[in-house]
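Chain residues, written in single-letter form:
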Amino acid sequence: LLFLACFPLILLALSTVHVKAYDSWSQEMRALLPDSNEITLTLNDGSVHSGELVTQTDEAVQVRMDRGRGITFVKEFSRADIATIEQVDAADLIAPRLLNLKELLNATPAPEQLERALNLLNEFIEVAPSHAAVQELKLLRDNAAFQSKQQMRGLIKVDGEWIPPVKAATIRYE
């Protein structure tokens with residue numbers, strides 16, 4: 001009977017999504033994030049306010065809000081009036097930028113570009129393993145690792161094929 005009473009709480013706990021905050025990421029990964037720190041406040045009266053977080057204390061939250069036509073203002077909300085504060089998941093902002101690495105990997109990246117791509121992809125997969133984009137990012141990581149290994153073996157990528165340098169020179173000459 002106690003289990004049945006707690007069942008809704010158990011379901012809520014299991015369905016909770018862990019938002020990856022800005023400070024969960026390395027400096028290199030943070031460079032991929034937009035400059036703003038968008039938040040959405042839902043007040044106890046049901047009204048919803050969105051904007052850029054300016055400051056927050058134990059007593060209040062200040063939000064820079066846009067009135068349109070380039071006019072912004074800062075509004076302070078008392079913590080007592082706030083029902084919820086939602087911040088954008090940094091992983092949702094980073095994932096599309098990492099998916100753009102596909103273009104780099106389709107070209108012929110330099111070894112340092114591959115190393116950087118591998119580091120960023122590995123960090124994302126480690127920090128946000130349950131994110132919707134992880135499977136696609138794992139494929140990109142595996143592709144980057146393969147290309148890195150081929151470069152370390154001394155092979156050169158020509159028209160999407162990894163070949164020895166002598167053969168690459170012959171192809172380029174023709």
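Use the structure listed above.
Since this is a predicted model, take the numbers as computed values, not measurements. (Residues numbered from 1 in each chain as written. Predicted model: local features only at pLDDT ≥ 70, side-chain atom pairs only at ≥ 80, totals over all residues. Heavy atoms only, no water.)

Caption draft 1: Local environment of the pairing of strand β1 (residues 38-43). On β1, burial follows the alternation: Ile39, Leu41 and Leu43 on one face are buried, whereas Glu38, Thr40 and Thr42 on the facing-out side are not. Bridge count between β1 and strand β2 (residues 48-56): five bridges; the pairing is antiparallel. Across the sheet, the residue bridging to Ile39 is Gly51, located in β2. Counting the residues between successive antiparallel strands, the hairpin from β1 to β2 contains four residues, one of them, Gly46, with a positive phi of roughly 95°. Summarising the sheet, β1 and strand β5 (residues 82-87) pair through five bridges and their orientation is antiparallel. What sits directly across from Ile39, in β5, is Gln87. (Buried < 20%, exposed > 50% of the residue type's maximum accessible area, 1.4 Å probe, protein only. Helix = DSSP H or I, 4+ residues; strand = E, 2+ residues; numbered from the N terminus. Pairing = 2+ DSSP bridges.)

Caption draft 2: Molecular detail of the packing of aromatic side chains. Under the criterion given, the structure shown has one aromatic pair. Between Trp25 and Phe124, the ring centres sit 5.6 Å apart and the planes meet at 20°, which makes this aromatic pair stacked. Here the residue Trp25 occupies a position in the loop between α1 (2-14) and α2 (27-30), and Phe124 occupies one in helix α5 (residues 111-127), the gap between them amounting to 99 residues. Taken individually, Trp25 and Phe124 each receive the classification buried, so the pair is uniform in this respect. (Phe/Tyr/Trp six-rings, centres within 6.5 Å; stacked < 30°, edge-to-face > 60°.)

Caption draft 3: A look at the pattern of salt bridges. Under the counting rule described, the total for this entry stands at three salt bridges. For Lys102, the salt bridge is made with Glu136, and the minimal N-O distance between the two is 2.9 Å. Residue Lys102 is located in helix α4 (residues 101-106), and its partner Glu136 is located in helix α6 (residues 134-152); the two are separated by 34 residues in the primary sequence. For Lys102, a relative accessible area of 37% translates into the label partly exposed. Given the relative accessible area of 35%, Glu136 is considered partly exposed. In this structure, the salt-bridge partner of Arg141 is Asp142, at a minimum N-O distance of 3.3 Å. Since its relative accessible area comes to 22%, Arg141 is described here as partly exposed. (Salt bridge = Lys/Arg side-chain N within 4 Å of Asp/Glu carboxyl O.)

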